[in-house]
Amino acid sequence: MLDYAIAVETVTTSKKDNLILNVDGCVAVCFVDLMRNCGAFSPEEAEDYLNMGVLNGLFVLGRSIGLIAHYLDQKRLRTGLYRHPWDDITYLLPNLAQGGSGGAPGNEGRVEVSL
């Protein structure tokens, strides 16, 4: 199964350099292989669990534990949670940066989209 995923990565990276098989993809492939071949599940049970998306919980759990670890580390260091500078992540369209937001207070940086 991992060989197949690596072969898929070869195809995707030929289309775009950043479409790599990351650690989450490797873990997912290994768990699918494990569920299908460990003998604890019938083929139907394994497919049912995979189709239900039960492995998504594994990745949510890992992200949650990481967030909690960052929070506890910041508490231990007696510092606040890191906040990236707002002006480094904010993107204003050129007309908005020149005050083209309609002039109403509170509308700074708002973009209205018409469908």
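What counts, and where the lines are drawn
Residues numbered from 1 in each chain as written. Predicted model: local features only at pLDDT ≥ 70, side-chain atom pairs only at ≥ 80, totals over all residues. Heavy atoms only, no water. Helix = DSSP H or I, 4+ residues; strand = E, 2+ residues; numbered from the N terminus. Buried < 20%, exposed > 50% of the residue type's maximum accessible area, 1.4 Å probe, protein only. pLDDT = per-residue confidence, 0-100. Phe/Tyr/Trp six-rings, centres within 6.5 Å; stacked < 30°, edge-to-face > 60°. Disulfide = S-S within 2.5 Å. Patch = residues over 30% accessible without salt bridge, like charges linked within 9 Å, V, L, I, M, F, W, Y side chains within 5 Å. Areas by Shrake-Rupley, 256 points an atom, 1.4 Å probe, with all protein chains shown as cover. Salt bridge = Lys/Arg side-chain N within 4 Å of Asp/Glu carboxyl O. Contact = heavy atoms within 4.5 Å.

(A) Quick peek at the overall build of the protein chain. On a plain count of helices and strands, the protein chain comes out with six helices and zero strands. Helices (α) and strands (β) of the protein chain occur, in sequence order from the N terminus, as α-α-α-α-α-α. A total of 115 residues make up the protein chain; the buried ones form 10% of that total.

(B) Up close: the confidence of the model for the protein chain. Here the protein chain averages 81 in pLDDT, while 78% of its residues score no lower than 70. The spread of mean pLDDT over the elements of the protein chain runs between helix α6 (residues 94-97), the lowest at 56, and helix α3 (residues 43-52), the highest at 94.

(C) Looking closely at the packing of aromatic side chains. The tally for this structure, following the rule as stated, stands at one aromatic pair. Measuring from ring centre to ring centre gives 5.6 Å for Phe41 and Tyr49, while their planes differ by 70°; the resulting arrangement is edge-to-face. Accessibility expressed as a relative area gives 35% for Tyr49, which makes it partly exposed.

(D) Structural detail: the state of the cysteines. Under the defined criterion, the tally for this structure stands at zero disulfides. For Cys26, which is in no disulfide, the shortest distance to another cysteine sulfur is to Cys30 and amounts to 6.5 Å. Taking the relative accessible area as the measure of exposure, Cys26 reaches 27% and is therefore partly exposed.

(E) Just a nonpolar patch on the surface, in detail. On the surface, Ile68, Tyr71, Leu72 and Leu81 cluster together into a nonpolar patch covering about 390 Å² of accessible area. Relative to the elements of secondary structure, Leu72 occurs in helix α4 (residues 54-76).

(F) How the structure looks around unusual backbone geometry. Backbone geometry places Arg78, a non-glycine residue, at a positive phi of 55°. Along the polypeptide, Arg78 turns up in the loop between α4 and α5 (86-89).

(G) Structural context of the side chain of Gln74. For Gln74, the position within the fold is in helix α4. Of the residues examined, Gln74 reaches a relative accessible area of 19% and is grouped as buried. Not counting residues up to four positions away in its chain, the partners in contact with Gln74 are Thr79, Gly80 and Leu81.

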